[in-house]
Amino acid sequence: MHSVEPTGRLAQVSGLFGLFRWGFMPLGLFALVSVGVHAAADVIDEHLLTLVDGLDAWADARLAAFEATAAWVDRVGPFERTVVARALALAWELAVAVLVAAPQLGYRELNEVERRLSWVKDAWRAPWLRLLRAPTPARLLRPAVTAVFAAGGAYALARLVEATLFVTLQSDVASPPVAEAVARGGGWVALALVVGRLGWRAVLRALEHADAACEAALKRAAPAWPVGLVGAVVALPLAVALVLQSQALLALVR
């Protein structure tokens, strides 16, 4: 049988949706990973404040030991320490967003011809094989941290859906137990949809970007292992902090 190509108005509508998807998918992937990075920054915010408090106490002890500097003790109060901690968290979040989330904007949807050929050549097979054959920090860590941030972003969106549904339903529509059950189910559906439509694409895009950077280094006769090392050092602590707080995900099933 011969395939029927869309013609006329159907082709125009198909092209319009294709253009929308072409722009929506990269922005959706970027937003998903960015939300996860923001969630991780929220996790470390209190820890950074504790660190700043400790450094301030250490500095006050040193300043108080000398008469000439004793007047500087307690010049930095709770407000200033909070501002410093939040500024550090924001700077860290923006750096990780640039290094990890921004490459998601380079995601490109395959057209119909490329989609058919991909079943034969398998466009993702080569990066995976190179990952197994020549693992580098970029190839290993970039998809891993992206997966953590994508999961964190999907969870945050699911919690938003759950809270919105619960507040809406329990006010006038349903009793609190029913509203809670429906809202929890809506949260699970939202989580599955976001992960199923965007999450895995974010991980594959991260692998594609890391693999391309490593291959570019090899073409310049440079070692591939330093590629992405700075990004890994900056992003990995945030990803680890988010994983350590992953028990909060159980809230969806409580």
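This structure is a prediction, so every number in the text was calculated from the model and none was measured.

Definitions and cut-offs
- Residues numbered from 1 in each chain as written.
- Predicted model: local features only at pLDDT ≥ 70, side-chain atom pairs only at ≥ 80, totals over all residues.
- Heavy atoms only, no water.
- Helix = DSSP H or I, 4+ residues; strand = E, 2+ residues; numbered from the N terminus.
- Expected span 1.5 Å × (residues − 1).
- Bend = angle between axes of the 7 residues up to and from the residue.
- pLDDT = per-residue confidence, 0-100.
- Contact = heavy atoms within 4.5 Å.
- 1 Å grid on protein atoms, 1.4 Å probe; cavity = no way out; pocket = protein on both sides within 12 Å on 5 of 7 lines; lining within 4 Å.
- Points joined across faces, edges and corners; volume = space filled by probe spheres on them.
- Nonpolar A, V, L, I, M, F, W, Y, C, P; charged D, E, K, R; others polar.
- Salt bridge = Lys/Arg side-chain N within 4 Å of Asp/Glu carboxyl O.
- Buried < 20%, exposed > 50% of the residue type's maximum accessible area, 1.4 Å probe, protein only.
- Polar contact = N/O pair within 3.5 Å; in protein donor to acceptor, adjacent residues only side chain to side chain.
- Axes fitted to C-alpha atoms, helices over the stretch in contact; angles between N-to-C directions.
- Parallel < 35°, antiparallel > 145°, perpendicular 65-115°, else oblique.
- Left-handed = near helix turned anticlockwise from the far one by under 90°.

(A) Quick peek at helix α6 (residues 176–219). Along its 44 residues, α6 runs 62 Å from first to last C-alpha, staying within 8% of the 64 Å computed at 1.5 Å per residue. The largest bend in α6 is about 45°, located at Val195. Ala221 sits one or two residues past α6 and shows a positive phi near 65°.

(B) Spotlight on the confidence of the model for the protein chain. In the predicted model, the protein chain carries a mean pLDDT of 78, and the fraction of residues at 70 or more is 79%. Element-level pLDDT for the protein chain is lowest in helix α3 (residues 112–121), with a mean of 45, against a maximum mean of 88 in helix α2 (residues 78–101). Contacts for the low-pLDDT stretch residues 1–5, under 50 throughout, to residues beyond four places or in other chains number one contact. Here residues 112–121 is a poorly scored stretch, pLDDT under 50, and it has seven contacts once near neighbours within four places are set aside; other chains count.

(C) Representation of empty space enclosed by the protein in the model. Across all of its chains, the model carries one cavity of 30 Å³ or more by this definition. Taken together, Pro137, Ala138, Leu141, Arg142, Val145, Gly228, Gly231, Ala232 and Ala235 form the lining of the largest cavity. The set of elements that each furnish at least two residues to the lining of the largest cavity consists of α5 (137–173) and α7 (229–244). When residues in the lining of the largest cavity are grouped by element, the largest group, five residues, is from α5. The class makeup of the residues in the lining of the largest cavity is six nonpolar, two polar and one charged.

(D) Layout of α7. Here α7 spans 22 Å end to end across 16 residues, near enough to the 22 Å set by a 1.5 Å rise per residue. The sharpest bend along α7 reaches about 35° and sits at Ala235, with the proline Pro237 one to four residues further on.

(E) Structural view of the pattern of salt bridges. The tally for this structure, following the rule as stated, stands at eight salt bridges. Of the charged contacts, one joins Arg139 and Asp211 as a salt bridge, the two residues approaching to 3.1 Å between their closest N and O atoms. Within this pair, whereas Arg139 is found in helix α5, its partner Asp211 is found in helix α6, the two being separated by 72 residues in sequence. Just as Arg139 is buried, Asp211 falls in that class too. Across the pair Arg159 and Glu162 runs a salt bridge whose closest N-O atoms are separated by 3.0 Å. On the criterion of helical spacing, the pair formed by Arg159 and Glu162 is a turn pair, its members being three residues apart in helix α5. Of the residues examined, Glu162 reaches a relative accessible area of 11% and is grouped as buried. A single salt-bridge network, built from bridges that share partners, covers Arg130, Arg139, Asp211 and Glu215.

(F) Geometry of the side chain of Asp211. Note on Asp211: relative accessible area 4%, which makes it buried. A polar atom in the side chain of Asp211 sits 2.6 Å from the side chain of Arg130. Only 3.1 Å separates the side chain of Asp211 from the side chain of Arg139, close enough to count as a polar contact. Sequence-distant contacts of Asp211, defined by excluding residues within four places in its chain, comprise Pro127, Arg130 and Arg139.

(G) Structural detail: the packing of helix α4 (residues 125–133) against α6. As a packed pair, α4 and α6 sit with axes 10 Å apart at the nearest point and diverge in direction by 65°. Overall, the two elements α4 and α6 adopt an arrangement that is roughly perpendicular. The handedness of the crossing between α4 and α6 comes out as left-handed. Where α4 abuts α6, its residues Pro127, Trp128, Arg130 and Leu131 lie against Leu204, Leu207, Asp211 and Glu215. Residue classes in the contact of α4 with α6 are distributed as five nonpolar, no polar and three charged.

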